[in-house]
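# Report on the structure
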Amino acid sequence: MNQLAAFAKEHPYLTSYLFVFGLLQIGLISTSGLRYAPSLWLLFLVPFLLCYFLVRSQQMSITLPKLALKHVEWFLFAFAVLVIFLHLFWLGKIPFMEAWQASKLSQANMIRKMSSAGLPKWLHYASTWSIRAILPTTTLLFLIRKNYFGFILSIGVGCFYGLALLQKSLIFWVGFPVLVYFFLNRKWWAGILSTVVMGVLFVVAVFANNPQLHGGQHDLKPTLEKKGRANIVSEGILKRIFIVPGKTMSMWFAHVPKDKPYLYGRDFGPYAKLTGQKTTDYNLELYALFYPDYAEQGIQGSVNTAHFMRAYANFGWWGLPFSAVFLAFFFHFLNTVHRETTATLAFSLQIFPLLLLSSGSLLTLLFSGGWGLILLLLLSSPTMESSHV
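Report follows, based on the coordinates.

Reading guide: rules and limits
- Residues numbered from 1 in each chain as written.
- Predicted model: local features only at pLDDT ≥ 70, side-chain atom pairs only at ≥ 80, totals over all residues.
- Heavy atoms only, no water.
- Helix = DSSP H or I, 4+ residues; strand = E, 2+ residues; numbered from the N terminus.
- Rg over C-alpha atoms; globule rule 2.2 N^0.38 Å.
- Buried < 20%, exposed > 50% of the residue type's maximum accessible area, 1.4 Å probe, protein only.
- Contact = heavy atoms within 4.5 Å.
- Lys, Arg positive; Asp, Glu negative; His and termini not counted.
- Charge placed at Lys NZ, Arg CZ, Asp CG, Glu CD.
- Core = buried A, V, L, I, M, F, W, Y, C linked by side-chain atoms within 4.5 Å.
- Axes fitted to C-alpha atoms, helices over the stretch in contact; angles between N-to-C directions.
- Parallel < 35°, antiparallel > 145°, perpendicular 65-115°, else oblique.
- Nonpolar A, V, L, I, M, F, W, Y, C, P; charged D, E, K, R; others polar.
- Polar contact = N/O pair within 3.5 Å; in protein donor to acceptor, adjacent residues only side chain to side chain.
- Expected span 1.5 Å × (residues − 1).

Next up on the list: the overall build of the protein. Summing up its helical and strand segments, the protein has 21 helices and 0 strands in all. Taking 2.2 N^0.38 as the reference for a compact globule, 389 residues should give roughly 21 Å; the C-alpha atoms of the protein span a radius of gyration of 21 Å, in line with that estimate. Reported as C-alpha extents along the three principal axes, the dimensions of the protein are approximately 60 × 50 × 50 Å. The burial tally for the protein puts 48% of its 389 residues in the buried class. Put simply, of all contacts in the protein between residues at least 6 apart along the chain, 76% involve residues at least 24 apart. Distance between charge centroids for the protein: 3 Å, based on 30 positive and 14 negative side chains.

This part is about the nonpolar core. In terms of nonpolar packing, the biggest core is built from 103 residues, with Tyr17, Phe308, Phe331 and Trp371 touching the most fellow members. Top element by residues in this core is helix H9 (residues 168-184). It accounts for 10 residues. Not counting the four nearest positions on each side in its chain, Tyr17 is found in contact with Phe44, Phe48, His307, Phe308, Leu327, Phe331, Leu354 and Leu357.

This part covers the packing of helix H18 (residues 319-340) against helix H19 (residues 343-355). Remark: H18 packs on H19, axes separated minimally by 9 Å, with the N-to-C direction vectors making an angle of 150°. The orientation of H18 with respect to H19, classified from their angle, is roughly antiparallel. Residue-level contacts link Phe331, Leu334, Val337 and His338 of H18 to Ala343, Ala346, Phe347, Gln350 and Leu354 of H19. Looking at the contact of H18 with H19 residue by residue, the classes come out as 7 nonpolar, 2 polar and no charged.

Glancing now at the environment of Asp259. Looking at the secondary structure, you find Asp259 in the loop between helix H12 (244-255) and helix H13 (269-274). A relative accessible area of 38% places Asp259 in the partly exposed class. Once the C-alpha coordinates of Asp259 and His338 are considered, the two residues, 79 residues apart in sequence, prove to be 43 Å apart. At 2.6 Å, the side chain of Asp259 forms a polar contact with the side chain of His255.

As for its position among the elements, Thr137 is in helix H7 (residues 121-144). In this structure Thr137 touches Leu349 and Leu377, once residues within four positions along its chain are discounted.

Moving on, we come to helix H8 (residues 148-164). Here H8 contains 17 residues, and its C-alpha end-to-end distance of 24 Å stays within 8% of the 24 Å for a straight helix at 1.5 Å per residue. If you check which residues of H8 are buried, you get Gly150, Phe151, Ser154, Ile155, Val157, Gly158, Cys159, Tyr161, Gly162, Leu163 and Ala164. Looking at the buried side of H8, the elements it contacts are helix H4 (72-91), helix H5 (95-100), H7, H9 and helix H10 (188-209).

The next subject is unusual backbone geometry. For the peptide bond that leads from Val256 to Pro257, omega is 10°, which places it in the cis range. Its place among the elements puts Pro257 in the loop between H12 and H13. In this model, Lys146 sits at a positive phi of 60°, which is unusual for a non-glycine residue. Position of Lys146 among the secondary structure elements: in the loop between H7 and H8. Looking at Lys146, the relative accessible area reads 47%, which means it is partly exposed. Positioned with a positive phi, Leu166 is a non-glycine residue whose angle comes to about 65°. Topologically, Leu166 is positioned in the loop between H8 and H9.

Any functional reading would require information that these geometric values do not contain.
Structure (structure tokens):
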């Protein structure tokens, strides 16, 4: 046990990723048995681990100019608040309030989708970076510097924004780093309280997104049996964590290339334009194959899957080793950031996007998803003298 703890301390990102990879196997194997899993282990997991331990001995140093602003967290917080105001002003309403009054699930789904659809591109990116990178960073900077007013204000604004947009994941983008930071610093009661608050906000978001839980109608797909509200919520959460990511991965394997051909780069916009081809997004196109009942009712959705599946969708099974090598070098970079910045701050801010590798592209998370900005803020912020609260 002590050896395992020592390994996790020396390799925090690798350990966390192996946990995520293990969860993926539950849904994958429960859905398709051992049809795909052994090939995935051989062509992705083994090359990843070999490359990771080969490159870890190579020293890397990263030096960026430090932000000279004395209270940089306040400037970042002010920028995020401005973006939130512009977003809600552009919408002219708070989607949460509108969805809570909706009488049908289809109406609530459309309200949630329109909370970000139609935004100017600059505002869309500013919104994403604010809630996924700037507010989580400012929240922890306030906490580390014992500015508890700023801490409560920052996390409160972040949770309000996520709830207002009906996006459950955005609540975790702001709240999860806080509870991880508390537990890392052995602030058990603060961590427990943060977990409870985040759980309550998550349940409220679930209720707002599902009118059938508070007197409305489930009009998208008939349910086979009636269940209590608590059972619906709890079963949905457990299924989303343990089954859905692996099941979705299994369905990608099953339909590509059987029903959809390998892309060979057509999902990368610049390359598709350069070669005169139409950009193809299987996250959207595969939805109708996975969920035909919903598609027949005009529902459009996405089927995001594990990060390495993008390489598979482009180049087949031989794309997996390339994804493995890329991930190994990226983790080497993360270990360097961890070593050259405040370690607990770095891990707390990066653990949630790392967990999202189970259902998202690494490049998407880095560039448009805010992870890259988190890394930039970590490397450009002055190193804290103490990482303890």
